[in-house]
Amino acid sequence: MIKNTYHVIGVMSGTSLDGIDLCYVAFELNNNWQFKILQSKTYNYTNSWKKRLASLIHLTDNELHKIDVEYTQYTSQFIKGFISEFGISVIDFVSSHGHTAIHKPESLLTIQIGNRPELSDLINQKVVCDFRVQDVAFGGQGAPLVPIGDELLFNNYDSCLNLGGFANISFKKNNQRVAFDVCPFNYVLNYLSNKIGLAFDDAGTIARSGTLNKELLNQLNTLAFYNQKHPKSLGAEWVQDYFFPIINGYNIPIKDVLKTCVIHFASQIHEALLLKDNKGKILLTGGGTFNSFFIETLRQLSSHDIVVPNKDIINYKEALIFAFLGVLKVRNEVNCLKSVTGALKDHASGKIYYPKIS
């Protein structure tokens, strides 16, 4: 039944492996869509699960199937715990991104684990999930998917920049929503921090203390991906095949590599912002927003008005928007834009599962 109010739990796991974000949101359609985040929490991954998720692209088909089943069960525990912890009783459905295992749209392949039909049985809730596969089948990148939320929920900003495992940008130009992955971000910064025994570089403090290596910076800036026209997207495979070999080829202190990468990312993001215009209000979200050294570096390059919102929006905007993708799917309304992904057409993507009646 089509209605104008929904209570949805959005579930998101990103490539930075921070954990599983859960966000309980109320949506209301009254001329325009409005939302309110009612509850939110991040459940951190155990070290064992972090290692397993970091190795997904190297698994065989049988190994991937096994971990898909186990990750679905693992995710269900967090969802049930979230519902119980906050005493949530009104739920239209759970809308889940899953966790990206393989993303090779050029080969018509994208796999997100944790999107199995049994998730619905395990949590005894209607589930909307697996949003990327249909778009790739339609010739699209299957990413980024968040821009439909930027279009309908955050259109008071000129651009939306998310700094997660990868940095992606979304803006409207020539009356069309444009969005694409700009560069890696926390996927690389956390990888480098791990090398010196840290989970991440808190506030970019270590990067700030480093010295820029201009030769490394120039080499990174010449990566072919940056000259490709959008739509385009990145996956862990690209980083491991192209980015890591470059930074691992320099025998310099990690703090210098971190600083050089931060400056490189700021430069690429600045160039992406200029595709829209050289001014405007930019919404920053994602874990990278807490990297104050990066923010300072970007502000030195850019004349844009860079807006850092409240922590709920910073941390849970993607989970919020995946909840919204589910709303659009159950209404059979467009949640994937061909102008963003390059698919043959705008479409309502995702799969809907219902718990079995016992």
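Look a little higher up for the structure.
Keep in mind that what you see is a predicted model, and the values were worked out from it rather than measured.

### Concerning the packing of aromatic side chains
Enumeration according to the criterion identifies 24 aromatic pairs in this entry. Judged by centre distance (6.0 Å) and plane angle (10 degrees), the rings of Tyr-187 and Phe-244 are stacked. Taken together, the residues Tyr-187 in helix α6 (residues 186-194) and Phe-244 in helix α9 (residues 236-247) connect sequence positions 57 residues apart. When its relative accessible area of 15% is taken as the criterion, Tyr-187 is described as buried. The class of Phe-244 is buried, set by a relative accessible area of 8%. Judged by centre distance (6.2 Å) and plane angle (35 degrees), the rings of Trp-238 and Tyr-242 are tilted. With Trp-238 and Tyr-242 both in helix α9 and four residues apart, the pair spans about one turn of that helix. Classification of Trp-238 by relative accessible area gives buried; the value is 14%. Against the face of Trp-49 rests Arg-52, its NZ or CZ located 4.6 Å from the ring centre. In this structure, Lys-281 packs its charged tip against the face of Tyr-157, placed 5.1 Å from the ring centre.

### Details of helix α10 (residues 254-274)
Spanning 21 residues, α10 covers 30 Å between terminal C-alpha atoms, matching the ideal 30 Å at 1.5 Å per step. Within α10, 16 of the 21 residues are buried, which leaves the element mostly enclosed by the surrounding structure.

### Looking at the sheet that holds strand β8 (residues 159-163)
Spatial ordering of the open sheet is given by β10-β9-β8-β11-β12, a layout of five strands whose pairing is mixed. Looking at strand neighbours, the two that pair on one side only are β10 (176-184) and β12 (305-307), the edges of this open sheet. Neighbouring strand axes in the sheet, compared pairwise and without regard to direction, differ in orientation by 20 degrees on average. For β8 and strand β9 (residues 166-173), the ladder comprises five bridges, and the chain directions are antiparallel.

### Structural notes on the packing of helix α8 (residues 214-221) against α9
Running from amino to carboxyl end, α8 crosses α9 at an angle of 170 degrees, the nearest separation of the two axes being 10 Å. By the angle class used here, α8 and α9 are roughly antiparallel. Between α8, through Leu-216, Gln-219 and Leu-220, and α9, the contact on the second element is made entirely by Phe-243, Ile-246 and Ile-247.

Conventions used here
Residues numbered from 1 in each chain as written. Predicted model: local features only at pLDDT ≥ 70, side-chain atom pairs only at ≥ 80, totals over all residues. Heavy atoms only, no water. Phe/Tyr/Trp six-rings, centres within 6.5 Å; stacked < 30°, edge-to-face > 60°. Helix = DSSP H or I, 4+ residues; strand = E, 2+ residues; numbered from the N terminus. Buried < 20%, exposed > 50% of the residue type's maximum accessible area, 1.4 Å probe, protein only. Lys NZ or Arg CZ within 6 Å of the ring centre and 35° of its normal. Expected span 1.5 Å × (residues − 1). Pairing = 2+ DSSP bridges. Axes fitted to C-alpha atoms, helices over the stretch in contact; angles between N-to-C directions. Parallel < 35°, antiparallel > 145°, perpendicular 65-115°, else oblique. Contact = heavy atoms within 4.5 Å.

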